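# Secondary and tertiary structure notes
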Amino acid sequence: MQLPLLPFLLLLGPPRAVLTLEPPWFNVLQGDKVTLNCKVFQTPGHHSIEWLHNGSALPIHQNSYTIPAVNIENSGEYQCWTEHTTLSNSVKLQVSSDWLLLQVERLEFMEGDTMILRCHSWRSKRLHKVTYYHNGKDLKFNHQTFNYTVSQVSHTHSGSYYCQGNMGHSTHLSPTVVITVRDPRPSTSSSSKIWYYIPFYLVMGLLFAVDTGLYFTLKREINDPKKNTRHPLTLGT
Ligand SMILES: *[C@@H]1O[C@H](CO)[C@@H](O)[C@H](O)[C@H]1NC(C)=O
Ligand SMILES: *[C@@H]1O[C@H](CO)[C@@H](O)[C@H](O)[C@H]1NC(C)=O
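Anyway, here's the lowdown on the structure attached to this text. (Residues numbered from 1 in each chain as written. Chains lettered and ligands numbered in written order. Predicted model: local features only at pLDDT ≥ 70, side-chain atom pairs only at ≥ 80, totals over all residues. Heavy atoms only, no water.)

### Here's the deal with the site of ligand 1
- Inspection of the region around ligand 1 gives His-53, Asn-54, Glu-73, Ser-75 and Gly-76 as its neighbouring residues.
- Take Glu-73: an N or O atom from its main chain is 3.1 Å from a nitrogen atom of ligand 1.
- For ligand 1, the protein covers 42% of the area, taking 360 Å² as the surface of the free molecule.
- Along the lines of polarity and charge, the residues of the shell around ligand 1 split into no nonpolar, four polar and one charged. (Near = heavy atom within 4 Å. Polar contact = N/O pair within 3.5 Å; in protein donor to acceptor, adjacent residues only side chain to side chain. Areas by Shrake-Rupley, 256 points an atom, 1.4 Å probe, with all protein chains shown as cover. Nonpolar A, V, L, I, M, F, W, Y, C, P; charged D, E, K, R; others polar.)

### Comments concerning the environment of His-120
- Along the chain, His-120 turns up in strand β11 (residues 115-121).
- Between the C-alpha atom of His-120 and that of Leu-29, which follows or precedes it by 91 residues, the distance is 8.3 Å.
- Apart from the residues within four sequence positions on either side, His-120 is in contact with Leu-29, Asp-32, Trp-99, Leu-100, Leu-101 and Gln-103. (Helix = DSSP H or I, 4+ residues; strand = E, 2+ residues; numbered from the N terminus. Contact = heavy atoms within 4.5 Å.)

### Focus on the site of ligand 2
- The environment of ligand 2 is formed by Trp-25, Ile-116, Thr-145 and Asn-147.
- Asn-147 is positioned such that a nitrogen or oxygen atom in its side chain is 2.3 Å from an oxygen atom of ligand 2.
- Protein contacts shield 46% of the accessible area of ligand 2, which totals 360 Å² for the unbound molecule.

### Structural notes on the side chain of Asn-74
- Here Asn-74 lies in the loop between β6 (64-67) and β7 (76-81).
- Residue Asn-74 is classed as buried on the basis of its relative accessible area, which comes to 14%.
- Asn-74 has contacts with His-53, Ile-67, Ala-69, Leu-93 and Val-95, leaving out every residue within four places of it along the chain. (Buried < 20%, exposed > 50% of the residue type's maximum accessible area, 1.4 Å probe, protein only.)

### Concerning the side chain of His-157
- Take His-157: it is sitting in the loop between β14 (148-150) and β15 (159-167).
- Sequence-distant contacts of His-157, defined by excluding residues within four places in its chain, comprise His-134, Val-150, Gln-152, Ile-179 and Val-181.

### Observations regarding the state of the cysteines
- As enumerated under the stated definition, the model contains two disulfides in all.
- The side chain of Cys-38 participates in a disulfide bridge whose partner is Cys-80; the two sulfur atoms lie 2.1 Å from each other. Measuring the twist about the S-S bond at about 85°, one finds the Cys-38-Cys-80 disulfide to be right-handed. Of this pair, Cys-38 sits in strand β3 (residues 34-40) while Cys-80 sits in strand β7, and the two are 42 residues apart along the sequence. (Disulfide = S-S within 2.5 Å.)

### Some words on the sheet that holds β6
- Read from one edge of the open sheet, three strands run β1-β3-β6, paired in antiparallel fashion. The two strands at the open ends of the sheet, each matched to only one other strand, are β1 (17-22) and β6. Strand-to-strand twist in this sheet, taken as the mean axis angle between neighbours without regard to direction, amounts to 15°.
- Sheet analysis places β1 next to β3, joined by six bridges and oriented antiparallel. Across the sheet, the residue bridging to Leu-21 is Leu-36, located in β3. (Pairing = 2+ DSSP bridges. Axes fitted to C-alpha atoms, helices over the stretch in contact; angles between N-to-C directions.)

### Digging into the packing of aromatic side chains
- Under the criterion given, the structure shown has five aromatic pairs.
- Ring centres of Trp-99 and Trp-122 lie 5.8 Å apart, and the angle between their planes is 85°; this geometry places the pair in the edge-to-face category. With a gap of 23 residues between them, Trp-99 in the loop between β8 (91-96) and β9 (100-103) and Trp-122 in the loop between β11 and β12 (128-134) connect regions that are remote in the sequence.
- For Trp-99, a relative accessible area of 44% corresponds to the partly exposed category.
- Judged by relative accessible area, which is 26%, Trp-122 ranks as partly exposed.
- Put simply, the rings of Trp-51, Tyr-65 and Tyr-78 pair up and form one aromatic cluster. (Phe/Tyr/Trp six-rings, centres within 6.5 Å; stacked < 30°, edge-to-face > 60°.)

### Thoughts on the pattern of salt bridges
- Here the structure, examined in full by the defined rule, presents three salt bridges.
- For Glu-105, the salt bridge goes to Arg-106, with nearest N and O atoms at 3.9 Å.
- Arg-106 is paired through a salt bridge with Asp-113; the nearest N and O atoms lie 2.9 Å apart.
- One network of salt bridges, with partners in common, ties together Glu-105, Arg-106 and Asp-113. (Salt bridge = Lys/Arg side-chain N within 4 Å of Asp/Glu carboxyl O.)

Given below as structure tokens:
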């Protein structure tokens, strides 16, 4: 998604910094390793990268920031920038202390997007009998791939999700994650826009008709001072 955007970003004034998470999950467990990558689209050269966490500067100037074992205080909003770029997108990180977590890249998807869910255990302890649930219903999935993937989401994939798994002899449930799938076509707003424009076009059309009528009336009177003696449709000379 970022590469085709690049030429447009370059056209739209100052270059932008783009911040991504690796692995891509916005929600992680305490102790997980997380790397934030800051991509700066600008001419090569030395540029010191600045980082913000919850709006405060971090004492880091590399283009990637690795937290080997996250804790709760690492939660929050991250952004990066250089003096030659605008501020990057804001990346949210949510750290929790649970046994099990249903990881997602984000909570909002557009219809047609790929959605990957991952049932993740604390310290990646061995998990057995993993089950994913959507609105309380057990989801069939390929146990070989472990992740639950929907290659093209539709509005039917909105709703609440959680996973369940066994660690040793105990069964654990992840907290629930609520996902929203949106329709990218702004159908309702564009049809309401048409209704908004109709009075405008009616008024413009009326003005044009009145104006044209006035023009021909005037022209007729100028060309033919002895009105009504000549054919009214003879316009001009
Ligand atoms: C950043 O904000 C998040 C969420 O508001 C909070 O949980 C976290 O403790 C904050 N961390 C710092 C260092 O300000
Ligand atoms: C699950 O999805 C993540 C993110 O796309 C990927 O990095 C990981 O390899 C996947 N895990 C498996 C077992 O396929």
